[in-house]
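The lines below spell out each chain.
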Amino acid sequence: MSADENGSFAYTIMPDGTATRLDAPPDASEAPSCALLWRHIDGNDTACREWLEKRSGVPEAAVWSLLELETRPRTAKIAEGALVILRGVNENPDADPDDLVSIRLWVTAGEVLSINFRPLLAIADMEHVLRDRAVRDAGDFIVELADVLIRRLDHTLDDLSQSLDLLEEDVIDERRRHLRPRIGKVRRTAIGLRRFISPQRDALTQLASGPFAFFDESDRINLSAAANSVSRIIEEIDAVRDQAAVLSDQLSDLRQEAVGNRTLVLSIVSAVFLPLTFITGLIGMNVAGIPYADKAWAFYAIVGFNVALGVGVLAWLRVKGWFR
């Protein structure tokens, strides 16, 4: 299933891990007998929203959070279930990676209800996980979902790092044209990723240590490992952001150095031609009494004097260290 085909569906998962896909999520009164029922609904579907609000049996406080448009990753215990909100990388066409897509879940001992408002490739990944019989209960489901989200974050971060390495090569090779917007885009992406990934670590940590009866010791250990992986990703995001800042500073230094070199050249040219301009202006006055005005050799003498004066000024500037 592609990201743009998530839609609404359900899976029944038997004790041996066998998963069967249902084309539409069953009503609470029609749920088949199984070890775990995963309902996934499209938040943009009016009928699904109405079912969630009126017939799903989910506590009202949890329904309100599941349907909230703006969310941050978090975990909360409500009645006998857990409200879990996580975020995944937006890998839809023409989407920015830092525009993370939220996945909202209501988890109880025998059921997982998920809802999203935008397509998310991690949902399709979870279907592949179910086919591999890697999920047997709600704890396994949350652990596998966290792992899927982390893997896609890793891929996005690898792409960011590679882009930054290429930019660094361009800076070193002084191919500086249009580099600043590209570096700025990498920095903005890193900042956007960190904004939501940091609370995701806290959400996973709360899941691992929270009072949720449907998590066994193995699930808690795996969730703690997932939280540690998110911490590693946050450190890598910080490293990417710092590297982008260093490259931006280095690019600014190179530009300032180039401006300084051009200013130095102009200063040298001005220093050389200033006395020559004075002499030629003085000799070129159209008044009576200019010495040697009727001598044929006078022009060549003045040109030679100016050349000697220019060479002398250049030599003086060199002694003073202007060419270093």
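Here the structure is shown first, and the text comes after it.
Residues numbered from 1 in each chain as written. Predicted model: local features only at pLDDT ≥ 70, side-chain atom pairs only at ≥ 80, totals over all residues. Heavy atoms only, no water.

Draft legend 1. Just the layout of surface pockets, in detail. Reported here for the largest pocket is a volume of approximately 260 Å³. Considering the residues around the largest pocket, the lining is formed by 15 residues, among which Glu70, Arg87, Asp99, Leu100 and Arg118 are closest to the centre. Elements supplying a minimum of two residues to the lining of the largest pocket: β6 (101-108) and α5 (179-209). Take the lining of the largest pocket: its biggest share by element is four residues, from α5. Taken together, the residues of the lining of the largest pocket sort by class into six nonpolar, two polar and seven charged. Counted as a void, the second largest pocket has a volume near 210 Å³. If you go around the second largest pocket, you meet eleven residues; those closest to its centre are Asp159, Leu160, Ser163, Lys185 and Val186. Only α4 (138-172) and α5 provide two or more residues apiece to the lining of the second largest pocket. If you tally residues by element for the lining of the second largest pocket, the top one is α4, at six residues. Its residues placed into classes, the lining of the second largest pocket shows five nonpolar, three polar and three charged. (1 Å grid on protein atoms, 1.4 Å probe; cavity = no way out; pocket = protein on both sides within 12 Å on 5 of 7 lines; lining within 4 Å. Points joined across faces, edges and corners; volume = space filled by probe spheres on them. Helix = DSSP H or I, 4+ residues; strand = E, 2+ residues; numbered from the N terminus. Nonpolar A, V, L, I, M, F, W, Y, C, P; charged D, E, K, R; others polar.)

Draft legend 2. Molecular detail of helix α6 (residues 217-283). Here α6 spans 99 Å end to end across 67 residues, near enough to the 99 Å set by a 1.5 Å rise per residue. Along α6, the largest kink reaches about 30 degrees and is centred on Phe273; proline Pro275 follows within four residues of it. The backbone nitrogen of Ser218 has a side-chain oxygen 3.2 Å away, supplied by the residue at the start of α6, namely Asp216. (Expected span 1.5 Å × (residues − 1). Bend = angle between axes of the 7 residues up to and from the residue. Polar contact = N/O pair within 3.5 Å; in protein donor to acceptor, adjacent residues only side chain to side chain.)

Draft legend 3. Looking closely at the nonpolar core. Trp38, Leu105, Val107, Phe141 and Leu204 are the most contacted members of the largest nonpolar core, which has 61 residues in total. Mapped by element, the contributors of at least two residues to this core are β1 (9-13), β3 (36-42), β5 (81-88), β6, α3 (121-131), α4, α5 and α6. For this core, the element with the most residues is α4, which contributes 14 residues. Setting aside its immediate chain neighbours within four residues, Leu204 contacts Leu86, Ala146, Leu223, Ala226, Ala227 and Val230. Judged by nonpolar contacts, the second largest core, of 16 residues, contains Leu83, Trp106, Leu113 and Phe117. (Core = buried A, V, L, I, M, F, W, Y, C linked by side-chain atoms within 4.5 Å. Buried < 20%, exposed > 50% of the residue type's maximum accessible area, 1.4 Å probe, protein only. Contact = heavy atoms within 4.5 Å.)

In short, shape yes, function no, at least from these values alone.
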